[in-house]
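# Architecture at a glance
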Amino acid sequence: MNLSTSEKERYTRQLIINGWGEDGQLALKRSTVFIAGAGGLGSPVAVYLAAAGVGTLRICDNGALELSNLNRQILYRDTDIGKNKVMAAEQTIKSVNPEVTVEPVTDMIKHDTAASIVGQPDIIVDCLDNFEARHVLNDYAVQASIPFVHAGIHGLSGQVAFFYPPETPCLNCVFPGTVPQQVSPVAGVTPAIIGSIEAAETLKWLLGIGVTLKNKLLIWDGETMDFQKIEIKKNPHCSVCSRQ
Amino acid sequence: MTMTDSEKERYHRQMIFDGWGEEVQQKLMNSSVFIAGAGGLGSPVSIYLAVAGIRHIRICDYGMPELSNLNRQILHDDTRIGINKAVSARDTLEKLNPEIKVTAITDKITEENVEEIIRDVDLIVDCLDNFDTRHYINAYAVQKCIPMIHAGVYGMRGQLTMIKFPETPCLWCINPGSPPDTMFPIIGATAGVIGSIQALEALKYLGGIGSNLLGKLLVWDGAAMEFQVLPQHRDQNCPVCSRYHQSHEFC
């Protein structure tokens, strides 16, 4: 597989990044990323991974678009209201980069369907808005040995981590249990920042450049603009990853 | 100006922030922002200010999208190649939020036309890719006491600060002169991180919530995923801002 002349032109400015090059670009083209959630976080993640030239984006969301989503979910327009999110997302992603293959998935991820929905991507990006679904996804990622970029946002704050047991803890080691779901405040800029960081982590992993947030939790406070990176450890008794 | 039911619905999730509400949303809606550059940084900045409900966005770029821009300039797509970037930006932004008004300015910013191009806005956001032009808008921002959010990106790195004369150093104090123009490496996610932080700084300033990076330079290294905040100091002999300080001729 080679890059076409038009691909070389499209990716000129990133091909010159140290350690990227045509080989890196081809590795991205061969990659499949599973994006769980096509909302506030999923929007910048999908847009920036598509623009970078990831070959296949499998994007999953069972929701339909509402007007109150549009202060942050930049994959969509007013004309998409009422439509299934991922079907509308496919159009936007294809216009960002026609070279990308989009696989929209409209099912809800459950324990018995995770394997068929997620399949065997190179990496999973968590753009979900609740811990119940995150744990289902984490269980599958651990079992299938797929790296898992986690992010969560609340108000003007957010967090990111890179899970890949046995090298790192899993989501359940660090955040066991769930928190009750509620309508929480969110502006577009928070998922924009956190989602762009998730996209950067994903690209670094796929290209093998830089240092990912393995064994670290990045915590960001948008009100004060404080960033902290804290060490996170495996739970030796974790019900999800300790048996692996 | 009152909010329509549809605006209340559109902005609902941000209006339920502690201390945001209709009052802060009204402030945002009545604000005008000048965005210098509709490229890698200008894309997330203008997109996220538009969806947040900034009603008056003036966006300026004299260039046209090229295929090699599309790995990061998410305002544009393959169908916009060959039309002006500011015009392309306006089309995208007005689709993302039909409630706002976007003015596209297609001129190249020079020392002579900077006043006519920027005019009276509440805030300037520097999404440029060269320091020559940045210094023209910095001089204007200092002269008119208009706050400016500066950012620059390179590869997987970026920097950002908020300049507000006379409280903070100006851009010349921090980055005197201009490095030679070169074709530098850049990816979309870098512009995404730094541009989104610029948009957040803009919303915090315009809405009067949280604290800003005043006199502090945020430096981000995406390869190592390290963030640093470095204090910045005024150059007492700065050719741009020192004479205003000396004469106490603040606008």
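Residues numbered from 1 in each chain as written. Chains lettered and ligands numbered in written order. Predicted model: local features only at pLDDT ≥ 70, side-chain atom pairs only at ≥ 80, totals over all residues.

### Regarding the environment of B:Ile100
Residue and element names in this part refer to chain B. Our working definition: In DSSP terms, a helix is any run of H or I states spanning at least four residues, a strand is any run of E spanning at least two, and both are numbered starting from the N terminus. Any residue pair is listed as a contact if its two C-beta atoms, each placed from the backbone, are within 7 Å.
Looking at the element boundaries, Ile100 is found in the loop between helix H5 (85-96) and strand S3 (101-105). For the pair formed by Ile100 and Lys204, sequence separation is 104 residues and the distance between their alpha carbons is 19 Å. Among all residues touching Ile100, those that are not within four sequence positions of it are Ala50, Gly53, Ile54, Arg55, Ile57, Leu93 and Glu94.

### Details of unusual backbone geometry
Omega for the peptide link from A:Pro165 to A:Pro166 comes to 10°, which places this bond in the cis form. Among the secondary structure elements, A:Pro166 is positioned in the loop between strand S6 (157-163) and helix H8 (171-174). Look at the link from B:Phe165 to B:Pro166: it is a cis peptide, with omega at 5°. Among the structural elements, B:Pro166 can be located in the loop between strand S6 (157-163) and helix H8 (171-174). The backbone phi angle of B:Arg119 is positive, close to 60°, even though this residue is not glycine.

### Remarks on the sheet that holds S6(B)
Residue and element names in this part refer to chain B. The condition is simple: Here, a strand pair is defined by DSSP locating no fewer than two bridges between the strands. Inter-axis angles, ranging from 0 to 180 degrees, are taken between N-to-C directions of lines fitted to C-alpha atoms, where helices are fitted over the stretch in contact.
Here we have eight strands laid out as an open sheet, ordered S3-S2-S1-S4-S5-S6-S7-S8, and mixed in their pairing. A single partner strand is all that each edge strand has here, and the edge strands are S3 and strand S8 (226-231). Here the average twist between neighbouring strands, direction ignored, is 15°. Where S6 lies against strand S7 (residues 216-221), four bridges are found, and the strand directions are antiparallel. Following the sheet pairing, Leu160 is matched in S7 by Leu218. Where helix H9 (residues 188-207) meets the sheet, it contacts strand S1 (32-36), strand S4 (123-126), strand S5 (148-154), S6 and S7, and its direction lies at approximately 170° from that of S5.

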